[in-house]
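Each chain is listed here by its residues.
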Amino acid sequence: MKAPATCLYGLVAAAISTAQVTGDPDGINDFKSDGPFALQVKGQALNSSIAGYVYALPTFGTQWLLQYEPGNCPRADNSSFQFYFNYTGEMKSQETDIGFFVTDYTVEETNEFGLKGKAVSLQFDLNTNIGLPIMGIATAVLTGFNAENKTFLTHYMDDSTAAPGKRPPYKDYRYYNWAVCWQAFSNVYAPILSWVTTGRPHNPTCELVDLVKVNL
Ligand SMILES: *[C@@H]1O[C@H](CO)[C@@H](O)[C@H](O)[C@H]1NC(C)=O
Ligand SMILES: *[C@@H]1O[C@H](CO)[C@@H](O)[C@H](O)[C@H]1NC(C)=O
Ligand SMILES: *[C@@H]1O[C@H](CO)[C@@H](O)[C@H](O)[C@H]1NC(C)=O
Ligand SMILES: *[C@@H]1O[C@H](CO)[C@@H](O)[C@H](O)[C@H]1NC(C)=O
């Protein structure tokens, strides 16, 4: 997905387009990394009013959220709207690399895990089917891009195929359950990028969206 030609890009010349770092002898932090790109959200429903981008929103705590902001153009002049895709090159979904989203690490200090940037993970609560993408914890959720640059999450099993005594098969499942929902977390109550685990969203403010990579 390309941004409209009318959008003005601020800092693109100063940004790295592809970083491939191999300075880690143990290979633990040895991620390939593509970016920066913006993450566009588009409502899936016909005539949906949701059209914009997400940006990294700090909270009073150490965990950050992805807030939705309406708009036609990616904000290339603001690093909160810039993301990278870190991957090993070895994990694949149907020949496509899978990895995880990271905030703009070119502006961040190395953290306690020896990494730069905050990886996007998913947090769940016991009373809802709405997950919360959060950043700033030591895990990440595996993601990839399809041919149209829509992002998906992967899983190896579908528990709706479980039968007594018969384990569900291992397969390469791709899910596109992103949503924008009003969510409360820490000091924030705002339209936040969310994830619907399965079924109808329990939170009535949720609208299903596509999350699309737009290269800057
Ligand atoms: C997807 O993004 C890539 C850049 O990462 C771009 O070259 C390609 O044209 C995009 N594909 C579509 C269908 O927009
Ligand atoms: C979408 O908008 C068009 C034009 O305004 C209208 O005719 C149509 O009924 C709308 N569809 C839905 C599902 O709201
Ligand atoms: C980046 O955008 C966010 C959301 O609009 C805003 O809160 C923040 O102040 C901006 N940062 C800079 C450096 O302009
Ligand atoms: C992402 O990859 C870059 C380039 O290898 C690296 O500098 C950074 O620490 C990585 N960040 C995370 C959170 O994996």
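For the structure, check the block above.
Residues numbered from 1 in each chain as written. Chains lettered and ligands numbered in written order. Predicted model: local features only at pLDDT ≥ 70, side-chain atom pairs only at ≥ 80, totals over all residues. Heavy atoms only, no water.

Draft legend 1. The pattern of salt bridges, seen in detail. Applying the stated rule across the entire model yields six salt bridges. A salt bridge links R75 to E69, with the shortest nitrogen-to-oxygen separation between them at 2.6 Å. Two residues, K118 and E108, come together in a salt bridge whose shortest N-O distance is 3.1 Å. Placement of the pair is K118 in the loop between β6 (96-103) and β7 (120-123) and E108 in the loop between β6 and β7, with a sequence separation of ten residues. For the residue pair K118 and E108, the accessibility class agrees, reading buried in each case. What you see here is one network of salt bridges that share partners, running through E69, R75 and D77. (Salt bridge = Lys/Arg side-chain N within 4 Å of Asp/Glu carboxyl O. Helix = DSSP H or I, 4+ residues; strand = E, 2+ residues; numbered from the N terminus. Buried < 20%, exposed > 50% of the residue type's maximum accessible area, 1.4 Å probe, protein only.)

Draft legend 2. Geometry of the packing of aromatic side chains. Under the defined criterion, the tally for this structure stands at 13 aromatic pairs. On the basis of an interplanar angle of 40° and a centroid distance of 4.5 Å, the ring pair of Y84 and Y105 is categorised as tilted. Remark: Y105 occurs in the loop between β6 and β7 and Y84 occurs in strand β5 (residues 83-93); sequence separation between them is 21 residues. Across the pair, exposure class does not vary: Y84 and Y105 are buried alike. A ring pair is formed by W178 and W195, whose centres lie 4.8 Å apart and whose planes are at 80°; its orientation type is edge-to-face. Placement of W178 in strand β12 (residues 178-185) and of W195 in strand β13 (residues 188-196) is noted, with a sequence separation of 17 residues between them. Residue W178 is classed as buried on the basis of its relative accessible area, which comes to 2%. (Phe/Tyr/Trp six-rings, centres within 6.5 Å; stacked < 30°, edge-to-face > 60°.)

Draft legend 3. Just the state of the cysteines, in detail. This structure, assessed with the given rule, holds one disulfide. Put simply, C181 and C206 are joined by a disulfide, and their sulfur atoms are 2.0 Å apart. Linking C181 and C206, the disulfide has an S-S dihedral of approximately 110° and is accordingly described as right-handed. Note that C181 is positioned in strand β12 and C206 in the loop between β13 and β14 (207-215), a separation of 25 residues in sequence. When sorted by exposure, C181 lands in the same class as C206, which is buried. (Disulfide = S-S within 2.5 Å.)

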